[in-house]
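Architecture at a glance
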Amino acid sequence: MGERKPMRMLLVLVAAWAVLWAPGAWAKILGIQDTSFELVAKQDRITLGDGDSMLMWGYAPGSGARMQYPGPTLILNQGDTVTVTLKNSLPASAGNVSIVFPGHEVSSSGGVEGVLTREAPPDGTTTVTYTFTAASPGTYVYHSGTRPDLQVEMGLLGVIIVRPSGPSPNSECPPVPDGHNTGPDSSLCVGTKFAYEHEDTAYDREFLLLMTDMDPRVHRLVELGKLDKVDTTEFFQTVWFLNGRNFPDTLANAQVPWLPTQPYNALALMHPGERLLLRVVTLGRDPHPLHFHGNHVRVIARDGRLLSSGGGNGPDLSFERYTVVVNPGQTVDAIFQWTGALMGWDIYGHAPGDDLAPYEYLADHGVNFPVILPSRDDVVFGQFYSGSPFMGGEGSLPPEHSGLNVGGGFFYMWHSHTEKELSNNNIFPGGLITMLGVVPWNVPLPAE
């Protein structure tokens, strides 16, 4: 195991380097956009950040697919009439399973009656059908409604995104904040989308950050066929996940072949001036305080409901936070923007007469870097240092440096503010850690 970890870290970092040349899986939420879905509960395994392997139950996107953790993200449009059919191919010892959809009025048919909704027995053939209307835009969850204390822990969970019926997306660049230079050529912008039915919820890129936790003892007892020994009142988690992965796997590309049942990554990317919509979700036992380096976020909605006084006022009850606590079962939508404003020095390293960069903060243009840097050979650089302290800059690096940041971007860590959650089975670093990469406009990012 000790020999495998350095190789594993190297693979992750190489994958992170590749981001600047942009496979399409980066910088967007992966999921299934439709109105009719088939989910099949299956048993499979996932890989933890420390190289361990864990038995899981999860929803597969169809009979021919493997289960995935989390389940497929279902992407809907407001007003859609949605049908989800469920089959249960888990071992007989797992018992019945089901799906509940908090925030939606659901009718169900087929299967057998359960406590919260109709359930599918573990025969692989019986079908339960759930139908609802996606009445309101926002971020929602779905999960098993049958023994959720055990089945959510085992992985039967996922996220639903409902896009608003208006305003219509457009091709515009982000608006220019006060005191900033104009934006780039419009051909470089990905266009404006909206999280809710109001222009104050506009965003350019969106990311899903689903936080879950796990007690490996439960999974080992299930694997050993000792379900009768599982006591969920003694739950004690030692592993934490972002989008079904632990750090450092959160930074690896989406859909990498060595994580076949964990297809979603958690690396956020942006250009200066763009607005990120962060869909932050907790589906575990504990609240998780997610902390954002680089700037505050503005929380605009909770549980699929805009923070508004009503009457078309938009998110007038929104508020800023640098750490957002998300309770179990809760969803939070927040807007993040970064331009480098108020750093107190020119982040591009410009002289006073140089051209301005897109969205550059005018008051800092040409202001000198505030400290004298030590010589290259007197310090140890992080893996994402480009050799220059300036956005878009590159400089000399020591021979042993991996040189992963050839675009000259700024990278910020986003992580839980509960230190225990930054580990994998008590080994730091791990768990709820990912990164935000801000790259200059001459470095292309994929359109959504």
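Our structure is the block above this text.
What you are looking at is a predicted structure, and each value in this text was computed from that prediction instead of being measured.

So, empty space enclosed by the protein
Tallied over the entire structure, the rule returns two cavities of 30 Å³ or more. Each pocket or cavity is described by its volume, and for the second largest cavity that value is around 50 Å³. If you go around the second largest cavity, the residues you meet are Thr339, Gly340, Trp345, Asp346, Ile347, Tyr348, Glu360, Tyr361, Asp364 and His365. Broken down by class, the residue content of the lining of the second largest cavity amounts to four nonpolar, three polar and three charged.

Some remarks on the layout of surface pockets
By volume, the largest pocket amounts to about 410 Å³. Lining the largest pocket we find 20 residues, and of these Asn295, His296, Glu320, Phe336 and Gln337 sit closest to its centre. Contributions of two or more residues to the lining of the largest pocket are made by β19 (297-302) and β23 (331-337).

Considerations on the sheet that holds strand β3 (residues 53-60)
With mixed pairing, five strands are arranged side by side in an open sheet as β3-β2-β5-β9-β6. Each of the sheet's edge strands pairs with one partner strand only, and the pair in question is β3 and β6 (106-110). Neighbour-to-neighbour, the strand axes of the sheet open up by a mean angle of 20 degrees, direction not taken into account. As paired elements, strand β2 (residues 36-47) and β3 share eight bridges and run antiparallel to each other. Paired with isoleucine 46 across the strands is methionine 54, a residue of β3. Across the sheet, helix α3 (residues 216-223) lies against β2 and β3, angled at about 85 degrees from β3, the strand it touches most.

Brief notes about a negative patch on the surface
A cluster of acidic residues, Glu172, Glu199, Asp200 and Asp316, forms a negative patch at the surface. Relative to the assigned elements, glutamate 172 resides in the loop between β11 (157-163) and β12 (193-194). You can call glutamate 172 partly exposed: its relative accessible area is 48%.

Points about the packing of aromatic side chains
Two measures describe an aromatic ring pair: the distance that separates the ring centres and the angle between the ring planes. Under the counting rule described, the total for this entry stands at 15 aromatic pairs. Taking the centre distance of 5.7 Å and the plane angle of 45 degrees together, the rings of tyrosine 59 and tyrosine 142 count as tilted. Pair noted here: tyrosine 59 is in strand β3 and tyrosine 142 is in strand β10 (residues 138-143), with a separation of 83 residues, a long-range link. Judged by its relative accessible area of 0%, tyrosine 59 is buried. Ring centres 4.7 Å apart and planes at 85 degrees place the aromatic pair tryptophan 345 and phenylalanine 369 in the edge-to-face group. Linking tryptophan 345 in the loop between β23 and β24 (410-416) with phenylalanine 369 in the loop between β23 and β24, this pair joins segments that are 24 residues apart in sequence. Tryptophan 345 sits in the buried class, given a relative accessible area of 12%. The class for phenylalanine 369 is partly exposed, based on a relative accessible area of 25%. Grouping aromatic residues by their ring pairs yields a cluster made of Tyr59, Phe101, Tyr130, Phe132 and Tyr142. Sitting above the plane of the phenylalanine 235 ring, arginine 285 keeps its charged end 4.5 Å from the centroid.

Here's the deal with the pattern of salt bridges
A full pass over the atoms with the stated rule returns twelve salt bridges. Put simply, arginine 205 and glutamate 274 hold a salt bridge, and the shortest N to O gap is 2.9 Å. Residue arginine 205 is located in strand β14 (residues 205-214), and its partner glutamate 274 is located in the loop between β16 (268-270) and β17 (275-282); the two are separated by 69 residues in the primary sequence. Judged by its relative accessible area of 0%, arginine 205 is buried. Between glutamate 320 and arginine 298 there is a salt bridge; the shortest N-O distance is 3.8 Å. With glutamate 320 in strand β21 (residues 319-321) and arginine 298 in strand β19, the pair connects residues that are 22 residues apart, well separated along the chain. Accessibility expressed as a relative area gives 34% for arginine 298, which makes it partly exposed. Members of the salt-bridge network, linked through shared partners, are Arg163, Glu206 and Arg279.

Considerations on unusual backbone geometry
Glycine aside, residues mostly have negative phi angles, and peptide bonds mostly take the trans form. Between tyrosine 69 and the following residue, proline 70, the backbone shows a cis peptide bond with an omega angle of -5 degrees. Within the secondary structure, proline 70 is located in the loop between β3 and β4 (74-77). Between phenylalanine 428 and the following residue, proline 429, the backbone shows a cis peptide bond with an omega angle of 0 degrees. Mapped onto the fold, proline 429 is located in the loop between β24 and β25 (433-438). In this structure, arginine 147 is a non-glycine residue whose phi angle is positive, near 40 degrees. Summarising the element assignment, arginine 147 is placed in the loop between β10 and α2 (148-154). Of note in this structure, asparagine 426 is not a glycine but carries a positive phi near 75 degrees. Turning to its location among the elements, asparagine 426 is positioned in the loop between β24 and β25. On the basis of relative accessibility, which here comes to 65%, the residue asparagine 426 falls in the exposed class.

Cut-off values and rules
Residues numbered from 1 in each chain as written. Predicted model: local features only at pLDDT ≥ 70, side-chain atom pairs only at ≥ 80, totals over all residues. Heavy atoms only, no water. 1 Å grid on protein atoms, 1.4 Å probe; cavity = no way out; pocket = protein on both sides within 12 Å on 5 of 7 lines; lining within 4 Å. Points joined across faces, edges and corners; volume = space filled by probe spheres on them. Nonpolar A, V, L, I, M, F, W, Y, C, P; charged D, E, K, R; others polar. Helix = DSSP H or I, 4+ residues; strand = E, 2+ residues; numbered from the N terminus. Pairing = 2+ DSSP bridges. Axes fitted to C-alpha atoms, helices over the stretch in contact; angles between N-to-C directions. Contact = heavy atoms within 4.5 Å. Patch = residues over 30% accessible without salt bridge, like charges linked within 9 Å, V, L, I, M, F, W, Y side chains within 5 Å. Areas by Shrake-Rupley, 256 points an atom, 1.4 Å probe, with all protein chains shown as cover. Salt bridge = Lys/Arg side-chain N within 4 Å of Asp/Glu carboxyl O. Lys, Arg positive; Asp, Glu negative; His and termini not counted. Charge placed at Lys NZ, Arg CZ, Asp CG, Glu CD. Buried < 20%, exposed > 50% of the residue type's maximum accessible area, 1.4 Å probe, protein only. Phe/Tyr/Trp six-rings, centres within 6.5 Å; stacked < 30°, edge-to-face > 60°. Lys NZ or Arg CZ within 6 Å of the ring centre and 35° of its normal.

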